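Structural overview
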Amino acid sequence: MSENNIICPNCNTPNDADYSFCANCGASLKTPAEQDINGIPVPEVADYVGKNSEKYISKFKKFARFGKASWNWPVFLFSYLLNIPFVWFFYRKMYKVGAIVLTISLAITVTYSACLTYACDCLMEYFPEIIEQTIAAEEGDLTPEDAEELATALQVEIMTEIQNNKGFMVCSSIISLIAYLKLGLTILYSVLADYWYYKKAMKDLEQLNSAGIPNASAVVLKGGTNSAAGVLSGIFLNIAQNLILIVPAFSLLFTKVVEIIASLSI
């Protein structure tokens, strides 16, 4: 008997290692861990997952036996490159998780925009002096040496006042921290996304099975994917985040430029 043969647990007949069912009695040759995940039949889990079911079933089996860690490249790329980590969660019908991730993302964007606008407002206070010196130097009212000396003195003055401006320094620190926070959240979402999906799948399937064996159409309807939710949330909410980020700072810059032009009669 070959070492690669599998002994049927029902009739003790040797079977080829590639067989899923016994050639003699038809009994399943798979172990319980291979036949189900947390008591849910694997075919039912496959119907629930839909696209890429083989990949996710493999991960689900590991989650059921070992732990939570995995890696989800779509979540990482959506988060790191496009700043829309919630797209994959909506695509996989994980609406609660997607809403939480979306709320966090918007809160970070609003905070970043507010700090950036405040920091720009502080720096724009010095624009008139800088422009006046530039115009004076270009029109020959200042010698090159005087212009360089005044420019250096103004830079020192600006740096000193900015460093003493607690609001500006706090905003600068928050802007720097947000970059690290976003990276940390990107890694967190990428590592736990598949596990959260596994937990939702098991919960949904347990609910469906609580009333008896569900038909395949009910399982597919409960699971599967929602491409429209993923695509639309990505497009519209990415636009919204960009507007939140850009509009306040741009409006402030435009207003200040108009004020400077009017005051200098340019």
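Check the entry above for the structure.
These numbers were taken from a predicted model, which means no experiment stands behind them.

So, on to the side chain of Q241. With respect to the helices, strands and loops of the structure, Q241 is situated in helix α11 (residues 227-264). Among the polar contacts made by the side chain of Q241, one reaches the side chain of T109 at a distance of 3.3 Å. When sequence neighbours within four positions are dropped, the list of residues in contact with Q241 reads N83, I84, F86, S105, L106 and T109.

As a further point, take empty space enclosed by the protein. A complete count under the given rule lists one cavity of 30 Å³ or more for this structure. Roughly 110 Å³ of volume is contained in the largest cavity. Put simply, the parts of the chain that give the lining of the largest cavity at least two residues each are α6 (95-124) and α9 (166-209). For the lining of the largest cavity, the element with the most residues is α6, which contributes five residues. Partitioning the lining of the largest cavity into residue classes produces six nonpolar, six polar and one charged.

What follows concerns the nonpolar core. Nonpolar side chains tend to gather and get buried jointly when the protein is soluble and globular. By size, the foremost hydrophobic cluster in this structure holds 32 residues, and its most contacted members are I37, V45, F60, W88, Y197 and M202. The set of elements that each furnish at least two residues to this core consists of α2 (42-49), α3 (53-65), α5 (86-91), α6 and α9. Among the elements that take part in this core, α9 stands out by supplying ten residues, more than any other. Formed by seven residues, the second largest nonpolar core is a distinct cluster that contains A119, C122, L154 and F168.

What counts and what doesn't
Residues numbered from 1 in each chain as written. Predicted model: local features only at pLDDT ≥ 70, side-chain atom pairs only at ≥ 80, totals over all residues. Heavy atoms only, no water. Helix = DSSP H or I, 4+ residues; strand = E, 2+ residues; numbered from the N terminus. Polar contact = N/O pair within 3.5 Å; in protein donor to acceptor, adjacent residues only side chain to side chain. Contact = heavy atoms within 4.5 Å. 1 Å grid on protein atoms, 1.4 Å probe; cavity = no way out; pocket = protein on both sides within 12 Å on 5 of 7 lines; lining within 4 Å. Points joined across faces, edges and corners; volume = space filled by probe spheres on them. Nonpolar A, V, L, I, M, F, W, Y, C, P; charged D, E, K, R; others polar. Core = buried A, V, L, I, M, F, W, Y, C linked by side-chain atoms within 4.5 Å. Buried < 20%, exposed > 50% of the residue type's maximum accessible area, 1.4 Å probe, protein only.

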